[in-house]
Number of protein chains: 2
Amino acid sequence: MHKPTPISGFPEWLPAQRLEEQRFLDTIRQVYELYGYTSLETSAVERVEVLQAKGEVDKEIYGLGRLRGQTNRWELALHFDLTVPLARYVAQNYGDLTFPFKRYQIQKVWRGERPQEGRFREFYQADVDVIAEERLPLHFDAEMPALIHDLFQRLGIRALLRLNNRKVLKGYYEGLGLAEERVPEVLREVDKLEKIGPDAVRRTLEESGLDSTLASRCLELSTLKGTGPDVIRRARALGVRHPVLEEGLEELAFVATELSHLPADQVIFDLGIVRGLDYYTGTIYETTLPEHPGLGSICSGGRYENLASEFINRKLPGVGISIGLSRLLAHLFGSGTLASTRQTPTEVLVLWPSAELRQACRDIAGRLREAGVPTEIFHEPLALKKQIRYADRKGIPYVLFPYHWTPEEDLVEIKQLASGEQEELPLGTWCARRRPSA
Amino acid sequence: MHKPTPISGFPEWLPAQRLEEQRFLDTIRQVYELYGYTSLETSAVERVEVLQAKGEVDKEIYGLGRLRGQTNRWELALHFDLTVPLARYVAQNYGDLTFPFKRYQIQKVWRGERPQEGRFREFYQADVDVIAEERLPLHFDAEMPALIHDLFQRLGIRALLRLNNRKVLKGYYEGLGLAEERVPEVLREVDKLEKIGPDAVRRTLEESGLDSTLASRCLELSTLKGTGPDVIRRARALGVRHPVLEEGLEELAFVATELSHLPADQVIFDLGIVRGLDYYTGTIYETTLPEHPGLGSICSGGRYENLASEFINRKLPGVGISIGLSRLLAHLFGSGTLASTRQTPTEVLVLWPSAELRQACRDIAGRLREAGVPTEIFHEPLALKKQIRYADRKGIPYVLFPYHWTPEEDLVEIKQLASGEQEELPLGTWCARRRPSA
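Since this is a predicted model, take the numbers as computed values, not measurements. (Residues numbered from 1 in each chain as written. Chains lettered and ligands numbered in written order. Predicted model: local features only at pLDDT ≥ 70, side-chain atom pairs only at ≥ 80, totals over all residues.)

Participant: Describe the overall build of chain A, with residues and values.
Facilitator: Along chain A, the regular secondary structure elements total 14 helices and 17 strands. Once the C-alpha set of chain A is aligned to its principal axes, its extents read approximately 90 × 60 × 45 Å. Looking at chain A as a whole, 44% of its 438 residues qualify as buried. For chain A, the proportion of contacts with a sequence separation of at least 24, taken over those separated by at least 6, is 68%. (Helix = DSSP H or I, 4+ residues; strand = E, 2+ residues; numbered from the N terminus. Buried ≥ 20, exposed ≤ 12 C-beta atoms within 10 Å, placed from the backbone. Contact = placed C-beta atoms within 7 Å.)

See below:
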């Protein structure tokens with residue numbers, strides 16, 4: 001017998017933290033559903049060939065094998081994100097889905113990376129995507145930021161969502177005379193702007209063969225941020241002309257119009273954001289928390305040309321966003337931003353003063369549960385002080401004294417532990433007055 | 001490029017089925033919380049030594065390894081149930097938990113067994129347990145069936161919960177003169193009663209060395225079923241005396257009194273149920289659906305002496321129940337008992353008749369979402385017939401015509417697609433009248 005120790009990279013929460021995690025999960029789900037996205041859950045296990053279809057790095061994948069005997073041919077493995085499973089699922093169930101297919105997916109994913117600060121090997125992702133056939137209207141590019149803004153409002157977290165469009169970047173660089181095949185390399189460098197600063201990026205660009213004027217002009221675009229109309233005007237003023245740039249700016253303008261009702265200091269058009277993946281081809285998103293600058297983007301995504309070309313011979317463009325929930329929560333717990341003493345959903349502890357009141361306790365608890373109030377009856381007729389201490393330690397907000405209750409006379413005494421306020425009133429009145437999770 | 005095929009034993013649902021699964025998951029969670037159980041989620045991955053601490057069969061465990069290179073020393077593996085993780089979690093976090101610790105846990109588990117009818121390799125379990133220190137009051141043995149009865153009522157499924165007590169079985173056999181060490185073997189045979197019938201069980205018992213009178217008397221107890229008081233009276237009338245039998249009957253009587261408010265044809269005392277595992281030491285439960293006789297028990301559990309003796313030097317008795325959710329759902333889908341055409345949580349599709357109404361559509365959708373109504377705006381100003389067909393195919397119950405809406409005059413036309421009923425009314429009135437998921 002030995003006390004087990006945690007496994008590095010596999011976070012687990014205590015009950016009070018788990019209640020907060022549930023609040024986040026519930027709110028994310030609620031908002032995704034309010035915008036008409038339907039839940040999808042794919043199996044945690046995929047064929048290795050499916051996971052490798054996009055040529056992802058093997059070393060991050062956890063293969064599955066039987067405990068007995070050696071394994072060197074892996075057939076099954078744990079998914080490392082929710083995008084590959086979505087692509088596989090859509091291809092597999094293509095005929096049964098109605099397009100545009102609006103789905104959300106909130107699941108654990110696994111990555112066999114070396115554990116380090118803020119990196120987990122098992123964590124929650126909360127993805128939302130819409131997939132169309134052939135052509136996906138731009139309205140959806142605007143729906144994503146609206147939804148994410150709504151979500152963080154409801155979570156009570158100040159978030160900064162930043163938008164850009166890959167066509168703007170690509171078209172601008174090509175308009176400057178850069179060969180198309182050199183664009184990815186420049187993007188990769190510009191992506192480091194926030195981390196290493198403009199001077200270091202300019203230096204690397206010059207080392208890679210761009211003359212210093214060109215390198216500077218590449219960086220000029222990336223400094224533009226503000227409202228949509230303002231940023232678009234300033235981008236045009238840089239004097240570069242290219243059809244792809246123009247297309248990107250028009251798309252940005254469309255999205256800006258659709259989002260004009262959102263606060264301009266929380267939804268920002270920022271031509272400096274890049275999103276590493278080549279996968280994205282149009283609008284891209286990043287979300288940071290101004291009060292937690294070290295955290296990085298906790299919610300990113302964008303538009304892609306073709307979800308599932310590896311699995312089905314159909315063009316399926318989409319746009320989506322993914323929230324790195326576990327990383328966000330771990331940070332909020334670690335920084336003390338989220339702290340709760342409540343260890344249980346129980347709202348009312350029915351005290352059990354003496355054996356003969358057991359029936360009354362049971363009836364009262366039944367009434368409360370019918371009214372949707374999570375309720376416990378204390379499990380032994382101990383001294384009331386001990387029973388109340390249990391409520392206190394678990395963070396149960398109310399205790400109920402059943403002394404005068406009868407089915408006819410509905411009277412109970414209820415005490416709110418935090419304030420010490422105690423009142424005698426009909427149980428029905430208390431239930432009607434109560435708000436959930438008071 | 002090739003179309004991926006399903007992996008045998010790893011079930012996945014289509015959107016309409018997933019909505020039903022969510023309804024089940026939500027109802028289970030709701031009822032668990034109404035009785036004061038708090039959510040726990042442990043990592044899917046455990047150390048192999050933890051999973052093997054109770055000496056479980058290796059071949060069911062999925063080990064995890066890196067894709068590159070061979071693996072023959074497994075350190076990590078996927079959990080195959082939620083009991084071992086609970087034991088490990090409680091031992092690990094002992095100092096941070098308040099006892100009795102009432103927790104529920106709804107998670108996927110994995111078993112590397114050969115896939116066959118009704119057996120999955122990845123499936124949902126929904127466990128609820130209460131763990132105490134040293135001594136766990138019997139009230140909790142009665143809380144479990146009350147909770148499960150409440151749950152199936154809310155799910156609208158007729159369920160039959162059957163109770164027994166392992167002490168009754170053990171004490172009765174020992175009272176008959178059977179040596180203690182022979183009891184497990186007899187229990188194992190009696191457990192087959194429903195499957196192979198009393199004659200076959202009697203024959204095996206005789207073959208194992210019991211004389212025919214003793215074998216018959218062993219079986220006599222197992223035929224008793226009915227209300228608590230009735231079954232207890234008839235058990236006593238069998239004339240066997242043993243202190244463990246008496247203790248078991250008293251426990252059953254206590255539980256029967258606590259459950260006297262439940263319908264006697266849905267909560268049945270049945271001395272024929274055994275529960276295979278030696279783990280259980282007192283009250284045991286099984287739940288079947290009378291309308292689905294082939295399904296077997298979909299919700300079983302019982303009381304155990306000591307949750308975590310492998311991991312911590314404390315006596316932690318508990319009682320709990322586990323629902324095999326995926327197996328239940330697969331059966332209900334397969335038998336056509338659960339069938340839904342709704343593919344989305346969206347309740348209202350705001351139609352978008354022409355470009356200039358876009359702003360009105362957006363405002364209306366915002367109002368609906370604020371009122372908690374899952375809402376989509378159709379994504380293109382196509383012919384209304386096409387827009388309505390989209391709602392029809394996704395099973396969206398209402399479509400909304402925004403023609404006459406202005407922020408001042410709140411008028412909209414709403415049509416219920418199933419009935420064809422259409423009415424013009426203020427949006428606020430409709431929202432106030434609506435019930436969730438109408």
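Participant: Report on the interface of chain B and chain A, specifying residues and quantitative values.
Facilitator: Every contact between the two is made by 71 residues of chain B and, on the other side, 70 residues of chain A. When its residues are assigned to classes, the side of chain B that touches chain A shows 29 nonpolar, 22 polar and 20 charged. Looking at chain direction, strand S3 (residues 62–66) of chain A and strand S3 (residues 62–66) of chain B are connected through 5 bridges and run antiparallel. If you follow Gly65(A) over to S3(B), its bridge partner there is Gly63(B). (Nonpolar A, V, L, I, M, F, W, Y, C, P; charged D, E, K, R; others polar. Pairing = 2+ DSSP bridges.)

Participant: For the packing of helix H1 (residues 15–34) of chain A against helix H4 (residues 139–155) of chain A, give the residues involved together with the corresponding values.
Facilitator: Residues and elements named next belong to chain A. At a closest axis distance of 10 Å, the pairing of H1 and H4 adopts a crossing angle of 145°. Here H1 runs over H4; the crossing is right-handed. Residue-level inspection shows Phe24, Thr27, Ile28 and Val31 of H1 in contact with H4, the latter providing Leu147, Asp150, Leu151, Arg154 and Leu155. For the contact of H1 with H4, the class distribution of residues is 6 nonpolar, 1 polar and 2 charged. (Axes fitted to C-alpha atoms, helices over the stretch in contact; angles between N-to-C directions. Left-handed = near helix turned anticlockwise from the far one by under 90°.)

Participant: I'd like to hear about the sheet that holds strand S7 (residues 160–165) of chain A, residue by residue, with values.
Facilitator: Within a sheet, each strand pairs with its neighbour through backbone hydrogen bonds, oriented either parallel or antiparallel. Residues and elements named next belong to chain A. The strand order S1-S5-S6-S12-S11-S10-S7-S9-S8 describes an open sheet built from 9 strands, whose pairing is mixed. Single-partner strands in this sheet number two, and they are strand S1 (38–39) and strand S8 (225–226). Examined bridge by bridge, strand S6 (residues 122–131) and strand S12 (residues 318–324) share 7 bridges and lie antiparallel to one another. If you follow Ala126 over to S12, its bridge partner there is Ile323. Contacting strand S5 (101–110), S6 and S12, H1 crosses the sheet at an angle of about 160° to S5. On the sheet, helix H11 (residues 325–334) packs against S6 and S12 and is oriented at approximately 130° with respect to S6.

Participant: Describe the pairing of strand S10 (residues 280–288) of chain B, and please don't skip the residues or the numbers.
Facilitator: All names here are of chain B. Across the 9 residues of S10, 7 count as buried, placing the element largely inside the fold. In this structure, strand S7 (residues 160–165) lies alongside S10, joined through 6 bridges in antiparallel fashion. Across the sheet, residue Arg162 finds its bridge partner in S10, namely Glu286. Taken together, the 3 bridges between S10 and strand S11 (residues 299–304) define a ladder with antiparallel strand orientation. Pairing of Ile284 across the sheet is with Gly302, part of S11.

Participant: Mind laying out the pairing of strand S17 (residues 422–426) of chain B, listing which residues take part and the relevant values?
Facilitator: Residue and element names in this part refer to chain B. Relative to S17, strand S16 (residues 411–416) runs antiparallel, the two sharing 5 bridges. Bridged to Leu411 within S17 is Pro426. Hairpin connection, S16 to S17: the antiparallel pair is bridged by 5 residues, and Gly420 has positive phi, about 80°.

Participant: Give a description of the relation of the copies chain B and chain A that names residues and reports values.
Facilitator: Overlaying chain B on chain A yields an RMSD of 0.0 Å, the required transformation being a rotation through 180° with an accompanying axial translation of 0.0 Å. Expressed as a symmetry operation, the mapping of one chain copy onto the other fits a two-fold axis. No C-alpha of chain B lies nearer the rotation axis than that of Leu64(B), which sits 2.5 Å from it. Of the interface residues in chain B, 99% have counterparts in chain A that sit at the interface too, so the contact is made through matching surfaces. (Least-squares fit on C-alpha atoms with pLDDT ≥ 70 in both.)

Participant: Describe in detail helix H8 (residues 212–222) of chain A, supporting the description with residues and values.
Facilitator: Residues and elements named next belong to chain A. Inspection of H8 places Ala215, Arg217, Cys218, Leu221 and Ser222 among the buried residues, and these make up the whole buried set. The buried residues of H8 occupy one face: seen down the axis, they fall within an arc of 165°. Of the residues in H8, the exposed ones pointing more than 90 degrees away from the buried face are Ser212 and Thr213. (Arc of directions from axis to C-beta.)

Participant: Go over unusual backbone geometry, please, and point to the residues and values.
Facilitator: Residue and element names in this part refer to chain A. Following Phe99, the chain continues to Pro100 via a peptide bond in cis, the omega torsion being -5°. Within the fold, Pro100 resides in the loop between helix H3 (83–92) and S5. Positive phi, close to 65°, is recorded for Glu134, a residue that is not glycine. Tracing the backbone through its elements, the reader meets Glu134 in the loop between S6 and H4.

Participant: Help me get a handle on the sheet that holds S17(B), residues and values and all.
Facilitator: All names here are of chain B. If you walk across this open sheet you meet the 5 strands as S14-S13-S15-S16-S17, and the pairing is mixed. The open sheet is flanked by strand S14 (375–377) and S17, the only strands paired with a single partner. Between one strand axis and the next, the sheet turns through 30° on average, direction left out of account. Sheet topology places strand S13 (residues 348–350) next to strand S15 (residues 398–401); 3 bridges connect them, and they run parallel. Within S15, the position partnered with Val348 by the bridge is Tyr398. Lying over the sheet, helix H13 (residues 358–370) contacts S13, S14, S15 and S16, oriented at roughly 170° with respect to S14.

Participant: How would you summarise the nonpolar core if you had to cite specific residues and measurements?
Facilitator: If you look at the biggest cluster of nonpolar residues, it comprises 197 residues, and the most contacted ones within it are Val90(A) and Val90(B). Excluding residues that lie within four positions of it along the chain, Val90(B) makes contacts with Leu97(B), Phe101(B), Ile131(B), Leu307(B), Ala308(B) and Leu316(B). (Core = buried A, V, L, I, M, F, W, Y, C linked by C-beta atoms within 7 Å.)

Participant: Tell me about the domain arrangement of chain A, and please be specific about residues and values.
Facilitator: All names here are of chain A. Segmenting chain A into domains produces domain 1 (9–150 + 289–340), domain 2 (160–283) and domain 3 (348–433). Just the C-alpha atoms count here: the centres of domain 1 and domain 2 sit 26 Å apart. Taken together, the contact between domain 1 and domain 2 spans 15 residues of the former and 17 residues of the latter. It is H4 that contributes the most residues to the side of domain 1 that touches domain 2, 7 residues altogether. Of the residues belonging to the side of domain 1 that touches domain 2, the class tally is 8 nonpolar, 4 polar and 3 charged. (Domains from an automatic or database assignment.)

Participant: Let's hear about the environment of Leu34(A): which residues, and what values?
Facilitator: Looking at the secondary structure, you find Leu34(A) in helix H1. Between the alpha carbons of Leu34(A) and Leu147(A) there is a distance of 8.9 Å; along the sequence they are 113 residues apart. Residue contacts for Leu34(A): discarding those within four places in its chain leaves Arg369(B), Pro374(B) and Thr375(B).

Participant: Outline the confidence of the model for chain A, listing residues and values.
Facilitator: When pLDDT is averaged along chain A, the result is 93; 96% of the residues meet or exceed 70. Model confidence for the complex is summarised by a pTM of 0.96, with the ipTM given as 0.95. (pLDDT = per-residue confidence, 0-100.)

Participant: Describe helix H6 (residues 183–190) of chain A, listing the residues and the values that go with them.
Facilitator: Among the residues making up H6(A), those that are buried are Val186(A), Glu189(A) and Val190(A). The buried residues of H6(A) occupy an angular sector of 95° when the element is viewed end-on, so they sit on one face.

Participant: Outline the environment of Leu136(B), listing residues and values.
Facilitator: By secondary structure assignment, the location of Leu136(B) is in the loop between strand S6 (122–131) and helix H4 (139–155). For the pair formed by Leu136(B) and Val319(B), sequence separation is 183 residues and the distance between their alpha carbons is 8.4 Å.

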